[in-house]
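What the coordinates show
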Amino acid sequence: MDKRAILRSIPNMNELLEDKKIREFQERIGSEQLKKAIRNILEQVRSEIIEGKTENAINENHLKERIGKQLEKLTEPDMKKVINATGTILHTNLGRAPISKEHIQQILCMASGYSNLEYDLDKGHRGERYSHFDELLCRLTGAEAAMAVNNNAAAVLLMLSALGKEKEAIVSRGELVEIGGKFRIPDVMEQSGTILKEVGTTNKTHLEDYEKAITEETGMILKVHTSNYQIVGFTESVEIQRLAALGREHGIPVLADLGSGVLLSMEKYGLPHEPTVQEMIQAGADLVSFSGDKLLGGPQAGIIVGKKKYMDILKKHPLTRALRIDKFTAAALELTLREYLNPKNALSNLPALKMIAKTAEDIRKDANELCQMMQEKELPFEIGVEPCESQIGGGAFPTANLSGYAVVLTCKQKKCQDIVDAMEQLPVPVICRCQKDQIILDVRTLEKEDMEIIVRELELL
Ligand SMILES: *Cc1c(COP(=O)(O)O)cnc(C)c1O
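From a predicted model like this one, the values you see are computed outputs, not experimental measurements.

Now for the packing of aromatic side chains. With the rule as written, the count across this model stands at zero aromatic pairs. For Lys204, the ring lying beneath its charged end belongs to Phe234, and the centroid distance is 3.7 Å.

Take the layout of surface pockets next. The space that makes up the largest pocket amounts to roughly 1,300 Å³. Along its surface, the largest pocket is lined by 40 residues, and Lys81, Leu94, Ala97, Pro98 and Ile99 are the ones closest to its centre. Those elements that place two or more of their residues in the lining of the largest pocket are β1 (83-84), α5 (101-111), α14 (327-339), α15 (343-349), α16 (351-357) and α19 (448-458). Among the elements that make up the lining of the largest pocket, the one with the highest residue count is α5 (six residues). Of the residues in the lining of the largest pocket, the class split is 16 nonpolar, 13 polar and eleven charged. Estimated volume of the second largest pocket: approximately 810 Å³. Lining the second largest pocket are 35 residues, with Glu175, Lys223, His225, Thr226 and Ser237 positioned closest to its centre. Taken together, the elements giving at least two residues each to the lining of the second largest pocket come down to β9 (218-224), α10 (240-250), β10 (254-257) and α11 (277-282). Taken together, the residues of the lining of the second largest pocket break down into 13 nonpolar, 14 polar and eight charged.

UniProt records the feature "modified residue: N6-(pyridoxal phosphate)lysine" (unreviewed entry) at Lys294, using the numbering of this structure. Summarising the element assignment, Lys294 is placed in the loop between β11 (287-291) and β12 (302-306). Residue class for Lys294 comes out buried when judged on its relative accessible area of 5%. Here Lys294 is in contact with Leu90, Arg96, Ala97, Gly259, Ser260 and Gly394, once residues within four sequence places are set aside.

Read from one edge of the open sheet, four strands run β13-β14-β17-β16, paired in antiparallel fashion. Either end of the sheet is taken by a strand with one partner, and the two such strands are β13 (382-390) and β16 (433-435). Within this sheet the neighbouring strands show an average axis-to-axis angle of 40°, counted without direction. Strands β13, β14 (402-410) and β17 (438-442) of the sheet are contacted by helix α17 (residues 360-375), whose axis makes an angle of about 10° with β14. Packing against the sheet, helix α18 (residues 416-423) makes contact with β16 and β17, and its axis sits at approximately 40° to β17.

Our next topic: the pairing of β12. By the criterion of burial, β12 is predominantly enclosed, with five of the five residues buried. Of the two faces of β12, both are covered, the one formed by Gly302, Ile304 and Gly306 as well as the one formed by Ile303 and Val305. Here five bridges tie β11 to β12, and the two strands are oriented antiparallel to one another. Among the inter-strand pairings, Val288 is bridged to a residue of β12, identified as Val305.

Here we take up the sheet that holds strand β8 (residues 195-199). Sheet strands pair by backbone hydrogen bonding; their relative direction is either parallel or antiparallel. If you walk across this open sheet you meet the seven strands as β4-β12-β11-β10-β9-β5-β8, and the pairing is mixed. Of all the strands in the sheet, the pair left with one neighbour each is β4 (145-149) and β8. Strand-to-strand twist across the sheet, computed as the mean angle between neighbouring axes with direction ignored, equals 25°. Across three bridges, the pairing between strand β5 (residues 168-172) and β9 is parallel.

Attention now moves to the site of the ligand. Within the structure, the ligand sits among Arg96, Asn151, Asn152, Ala153, Ile179, Phe183, His225, Ser227, Asp257, Gly259, Ser291 and Lys294. In this structure, an oxygen atom belonging to the ligand sits 3.0 Å away from a main-chain N or O atom of Asn152. Interatomic distance of 2.9 Å between a backbone N/O atom of Ala153 and an oxygen atom of the ligand. Look at the ligand: alone it shows 380 Å² of surface, and the protein chains cover 94% of it. Class assignment for the residues of the shell around the ligand results in three nonpolar, six polar and three charged.

Let us now look at the nonpolar core. Core analysis: the biggest nonpolar cluster contains 92 residues, and Val288, Val305, Leu314, Ile356 and Ile392 have the highest contact counts within it. Here this core takes nine residues from helix α7 (residues 152-164), the largest share from any one element. Sequence-distant contacts of Leu314, defined by excluding residues within four places in its chain, comprise Met147, Leu158, Met159, Ala162, Leu163, Leu287, Ile304 and Thr320. Phe381, Leu409, Met451 and Val455 belong to the second-largest nonpolar core, a separate cluster that totals 30 residues.

Moving on to empty space enclosed by the protein. In the structure shown here, the tally under the stated rule is one cavity of 30 Å³ or more. Considering only enclosed or pocket space, the largest cavity measures out at about 40 Å³ in volume. Lining the largest cavity are His225, Ser227, Leu258, Ser260, Glu274, Leu295, Gly395, Ala396 and Phe397.

Following the criterion strictly, the structure yields 26 salt bridges and no others. A salt bridge links Glu60 to Lys64; the shortest N-O distance between them is 3.1 Å. Of the two residues, Glu60 and Lys64 both sit in helix α4 (residues 60-75), four residues apart, roughly one turn of that helix. On the basis of relative accessible area, Glu60 is assigned to the partly exposed category, the value being 31%. The partner of Lys315 in a salt bridge is Glu128, with the nearest N and O atoms 3.6 Å apart. With Lys315 in helix α12 (residues 308-316) and Glu128 in the loop between β3 (125-126) and α6 (134-141), the pair connects residues that are 187 residues apart, well separated along the chain.

Parameters at a glance
- Residues numbered from 1 in each chain as written.
- Predicted model: local features only at pLDDT ≥ 70, side-chain atom pairs only at ≥ 80, totals over all residues.
- Heavy atoms only, no water.
- Phe/Tyr/Trp six-rings, centres within 6.5 Å; stacked < 30°, edge-to-face > 60°.
- Lys NZ or Arg CZ within 6 Å of the ring centre and 35° of its normal.
- 1 Å grid on protein atoms, 1.4 Å probe; cavity = no way out; pocket = protein on both sides within 12 Å on 5 of 7 lines; lining within 4 Å.
- Points joined across faces, edges and corners; volume = space filled by probe spheres on them.
- Helix = DSSP H or I, 4+ residues; strand = E, 2+ residues; numbered from the N terminus.
- Nonpolar A, V, L, I, M, F, W, Y, C, P; charged D, E, K, R; others polar.
- UniProt positions renumbered as here; feature names shortened; annotations may be inferred.
- Buried < 20%, exposed > 50% of the residue type's maximum accessible area, 1.4 Å probe, protein only.
- Contact = heavy atoms within 4.5 Å.
- Pairing = 2+ DSSP bridges.
- Axes fitted to C-alpha atoms, helices over the stretch in contact; angles between N-to-C directions.
- Near = heavy atom within 4 Å.
- Polar contact = N/O pair within 3.5 Å; in protein donor to acceptor, adjacent residues only side chain to side chain.
- Areas by Shrake-Rupley, 256 points an atom, 1.4 Å probe, with all protein chains shown as cover.
- Core = buried A, V, L, I, M, F, W, Y, C linked by side-chain atoms within 4.5 Å.
- Salt bridge = Lys/Arg side-chain N within 4 Å of Asp/Glu carboxyl O.

So, in structure tokens, the structure goes:
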């Protein structure tokens, strides 16, 4: 068909606006945005015709459907629940640590109205937003003082800016890390105005390397947890205890970026020993920073604990205002930390810790249940249960795996990757992986409710 004839077959705006379904969107987005959206699509349709991609007259119903879909995209929230069937517990792309429903319920009550976020109810005047959890943090870690900012990257930036500006910060060459999302220690140093003084070598740094580097220009010693990698073999690093003693001797603060930061030892669950925040404080670190949404299992935050004299400097720094946490974070952090008063509660009430603590046997039971629920439906898959390994994620315990079970789907008719892609387009997207032509649904990161959704949704594929 001739291009001009096809162009003439495009319905005009008024015709489209008469459509009942399209008109319904007017209530939600207003007539101006509605017309703009339609105009955009008509523009696209025109280009497609001119480029020769459309050979027949425009079908009015198809066009309306296309407009409807676009409008739906525009009006529906883009951020939504997904089901994490990857088994990676602290999946940064999927929002790291989930917050429990009970905590969300309490936050809802508080955040949908006003709160005492920065109001001291006992004294009847302005208070501090850390006041809801700083004593708890001190109690749990043994530190003198505590605060929190937006995330751990911000915490490190703040510590360096407030204590190291125009001075040298001594860091081991083996600890100049890059964390996902472009957080690199040397870059953060530059941003903070601190001068990086590298000591030692990639695999070995000794106490005397630090010692020799101390001059009039030294502002701090920084120890960075090599969260997401491990140097194995002929290696040596200096323990925080010895660094703290060296710092005290020279009157230099010793800071630690602990990365994930655990308050409970995870060895019982088959993970290697990680220094806990308490151990770092006990060993004499002046300030320790760690993330709220990694192994702590709380909201995104950068928690700083340590000596009061340094914390006071941080609190007065202008960056603190720019990096301050909001009411949701303050509330969620307080609730998270309260669970740690009794470690048993932390392990059963914080979803991320609960997933770590799940035994392979628990997971096998869940996997069998999911498998059976699926087998009862007529699905075009061969379905089975197989052992698998899950990761912690979030740059924590990079070399450790947790043993569990997965429901494994095999499909003869379709390509595995095509099914994995289609699962991401479901109303509640299911994120999973393809391995040796099989779809792996790791059950460790699934709630009971997720399993029911998966079974329901697979029928839509
Ligand atoms: C994860 C991590 C960070 C960044 O923490 P965020 O809370 O993601 O900003 C910084 N340093 C180390 C060592 C980390 O592991």
